[in-house]
Amino acid sequence: MSEHQQADPGPGRRLGVDVGAVRVGVALSDPAPMLATPLETLRRDEEGGSDLAKIADLVSEHDVVEIVIGLPKTLAGHHGSAAEIAQAYGAALVEKVAPVPVRFHDERLTTVTASRKLSKRGVRGKKQRAVVDQAAAVEILQAYLDGRGTKTREELP
């Protein structure tokens, strides 16, 4: 069954993941799920997979029912090397968190949006780099939750 054919797991926490070359931003939703909040930033560990193991621990710790990974597309809507990295990361994560579904959500410009929001709040330089991945994960997860809410409302009689 593909990610698009999997049934919505209903209420429960979602985990948003922004996969970067160096860091992985993680966000968590409330159980409703309506609101995404920053959770943490992990160091990418392509060799040992400690970041994947930590995400699996977070899934268990927070009773996560679904994971949403940002899928970076070009402005023209194409998949580039960053999208391939995100898809490979998602495939590796599926093995660690099954049966929790892992889905992808378009994340065009989420890091740019997150950086701008942080700058407007006065968070710059090293402080911004430390949290921008979490903020991007929040943007990804919140966009997914907002779209999910719209879809769910449209399905009601």
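Structure: above.
Residues numbered from 1 in each chain as written. Predicted model: local features only at pLDDT ≥ 70, side-chain atom pairs only at ≥ 80, totals over all residues. Heavy atoms only, no water.

> So what's going on with the overall build of the protein chain? Residues and values would help.
A tally of regular secondary structure across the protein chain gives 4 helices and 5 strands. Listing each helix as α and each strand as β along the protein chain from the N terminus yields β-β-β-α-β-α-β-α-α. A separation of at least 24 residues holds for 64% of the contacts in the protein chain among residues at least 6 apart in sequence. Summed over its atoms, the accessible surface of the protein chain is roughly 8,800 Å², and 54% of this surface lies on carbon and sulfur atoms. (Helix = DSSP H or I, 4+ residues; strand = E, 2+ residues; numbered from the N terminus. Contact = heavy atoms within 4.5 Å. Areas by Shrake-Rupley, 256 points an atom, 1.4 Å probe, with all protein chains shown as cover.)

> Can you lay out the pairing of strand S1 (residues 13-19) for me, pointing to particular residues and giving the numbers?
When you tally the buried positions in S1, you get 6 out of 7 residues, the bulk of the element. In terms of strand pairing, S1 meets strand S4 (residues 64-71) through 5 bridges, oriented parallel. Paired with Gly16 across the bridge in S4 is Val68. When S1 meets strand S2 (residues 23-29), the two strands line up antiparallel, connected through 5 bridges. (Buried < 20%, exposed > 50% of the residue type's maximum accessible area, 1.4 Å probe, protein only. Pairing = 2+ DSSP bridges.)

> Tell me about the pattern of salt bridges, and please be specific about residues and values.
This structure, assessed with the given rule, holds 6 salt bridges. The shortest N-O distance in the salt bridge between Asp8 and Arg148 comes to 2.7 Å. Remark: Arg148 occurs in helix H4 (residues 125-155) and Asp8 occurs in the segment before S1; sequence separation between them is 140 residues. Residue Asp8 is classed as partly exposed on the basis of its relative accessible area of 39%. (Salt bridge = Lys/Arg side-chain N within 4 Å of Asp/Glu carboxyl O.)

> Help me get a handle on the sheet that holds strand S5 (residues 102-106), residues and values and all.
Ordered in space as S3-S2-S1-S4-S5, the 5 strands form an open sheet in which the pairing is mixed. At either end of the open sheet lies a strand with only one pairing partner, and these are strand S3 (36-43) and S5. Within this sheet the neighbouring strands show an average axis-to-axis angle of 25°, counted without direction. Seen against the sheet, helix H1 (residues 50-61) touches S1, S2, S3 and S4 and runs at an angle of roughly 150° to S3. Contacting S1, S2, S4 and S5, helix H2 (residues 81-97) crosses the sheet at an angle of about 165° to S4. (Axes fitted to C-alpha atoms, helices over the stretch in contact; angles between N-to-C directions.)

> Give a detailed account of unusual backbone geometry, specifying residues and quantitative values.
Cis geometry marks the peptide bond from Ala32 to Pro33, where omega comes out at -20°. Within the fold, Pro33 resides in the loop between S2 and S3. The linkage connecting Ala98 with the following residue, Pro99, adopts the cis geometry, with an omega of 10°. By the secondary structure assignment, Pro99 is in the loop between H2 and S5.

> So what's going on with H1? Which residues, and what values?
Helix length check: H1, at 12 residues, gives a terminal C-alpha distance of 16 Å against a target of 16 Å (1.5 Å per residue), a fit within 8%. Buried within H1 are the following residues: Asp51, Leu52, Ile55, Ala56, Leu58 and Val59. Projected down its long axis, H1 shows its buried positions confined to an angular sector of 160°, all on one face. Of the exposed residues in H1, those oriented more than 90 degrees away from the buried face are Ser60 and Glu61. On its buried side, H1 packs onto S1, S2, S3, S4 and H2. Immediately downstream of H1, the backbone of Asp63 shows phi near 50°, a positive value. (Expected span 1.5 Å × (residues − 1). Arc of directions from axis to C-beta.)

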